[in-house]
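Understanding the architecture of this molecule
Residues per chain are reported as follows:
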Amino acid sequence: MDRLPLGIFMICDQELPLRLATAQRLGITTAQILAPPETERTPRHIEELKSRFIQAGIQITVVFCGFPGESYADIPTVKTTVGLAPTKTRAERLTAAYKIADFARLVQVKAVGLHIGFIPEEQNDPDYRPLVEAVRSLCDHCAGHGQAVHLETGQETAHVLLRFLQDVDRQNLAVNFDPANMILYGAGEPIPALEMLAPYVRSVHLKDALWAAHPGQEWGVEVPLGSGDVNMEQFLQTLINNDYAAPLTIEREIVGEKQALDIEAGAALIRSLLNRLL
Ligand code: MG
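Residues numbered from 1 in each chain as written. Predicted model: local features only at pLDDT ≥ 70, side-chain atom pairs only at ≥ 80, totals over all residues. Heavy atoms only, no water.

Let's talk about the state of the cysteines
A covalent bond between the sulfur atoms of two cysteines is what we call a disulfide. Keep this limit in mind: Criterion for a disulfide: a pair of cysteine sulfur atoms within 2.5 Å. Burial here depends on accessible area, computed with a 1.4 Å probe over protein chains only, as a share of the maximum for the residue type. Under 20% is buried, over 50% is exposed, and the range in between is partly exposed.
Counted under the stated rule, the structure contains zero disulfides. Cysteine Cys12 is unpaired, with the sulfur of Cys65 as its nearest cysteine sulfur at 13 Å. Taking relative accessible area as the criterion, Cys12 reaches 12% and is therefore assigned buried. Left unpaired, Cys142 is separated from the closest cysteine sulfur, that of Cys139, by 7.0 Å. For Cys142, a relative accessible area of 0% corresponds to the buried category.

See the structure below:
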């Protein structure tokens, strides 16, 4: 594998064959996937999924968890519905995450990714320790499979996330750094955040976004790579400076033909920037 192979984030729905064809046409060799729903993780489905990716010559590098009941409608809704942070659904979602890790093992993937939701800012918040314990449990379950756990950035500042990683204190805990999320959630400038978290960063989303007028209160806007506030060249340069050697996974959170077109233009942009930087 190249030091910095390109990848695409893919949902495994009925458009998967189209996404794989797009990746193949663009010479993209890796993908992160959102775990299919539990009903589609039967042995037959798993064999079919594996053979689709093998035939396309694409290696799955991270399987992401999604949980029923999550909503990204607005930032307050994310707070109450997303990841392991909401206390009411934590136990059932932890079990669901274990099952996704088991599925990832069957498709021979060494990393499980997730949004854990909003980490409490204060260590003495009554919800802080239980969330540390929940992530430890998931790390320990995954360690039994030789898998890592990649926490997606965005919902909190880099400082809060770094302290949380240190408090969880597990060798197989890592970060999936999404620079656009930092902007979308108003969680801080992405480049300094990447520098702070770099020792933990083992996967990334190449995604771009524009700051909201009132960051943190309302969403910023996700835009095609290169047309947002991330500064892709500086982002790549910072990864290279920190000896990052893992896939550069393009994520475009829209569907249909425009998604494929934006991914194609994004891949061309990243390749031209890498030609200059490497
Ligand atoms: Mg992302």
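What follows picks up the thread again.
Quick word on the environment of Thr89
For the record, the criterion: Secondary structure elements follow DSSP: runs of H or I of four or more residues count as helices, runs of E of two or more count as strands, with numbering from the N terminus.
By the element assignment, Thr89 lies in the loop between helix H3 (75–81) and helix H4 (90–106). For Thr89, a relative accessible area of 21% puts it in the partly exposed group. Considered as a pair, Thr89 and Gly69 are 20 residues apart in the sequence and their alpha carbons are 9.2 Å apart.

Quick word on the environment of Cys12
To keep it simple, the criterion reads: For this analysis, residues touch if any pair of their heavy atoms sits within 4.5 Å.
Tracing the chain through its elements places Cys12 in the loop between strand S1 (6–11) and helix H1 (16–25). Those residues in contact with Cys12, other than ones at most four positions away along the chain, are Ile33, Leu34, Glu40 and Leu49.

With respect to the coordination of the magnesium ion
Note on metal geometry: ideal angles are 109.5 degrees for four donors arranged tetrahedrally and 90 or 180 degrees for six donors arranged octahedrally. Defined as follows: Each metal site lists N, O and S donors within 2.8 Å (3.2 Å for Na, K and Ca). With water left out of the atoms, a site can look as if it is missing ligands.
In the first shell of the magnesium ion, the protein supplies Glu152 (OE), Asp178 (OD), His205 (ND1) and Glu251 (OE), at 2.1 to 2.2 Å from the metal. Positions of the donor residues of the magnesium ion along the chain correspond to the pattern E-x25-D-x26-H-x45-E. Of the two residues, Glu152 is situated in strand S5 (residues 148–152) and His205 in strand S7 (residues 201–206); the sequence distance between them amounts to 53 residues. Accessibility expressed as a relative area gives 1% for His205, which makes it buried.

Observations regarding the side chain of Arg163
Locating Arg163 in the fold gives a position in helix H6 (residues 158–168). Those residues within four positions of Arg163 in sequence are excluded, and the remaining contacts are Glu121, Glu122, Gln123 and Tyr128.

Everything listed here is a matter of coordinates, which is why it stays silent on function.
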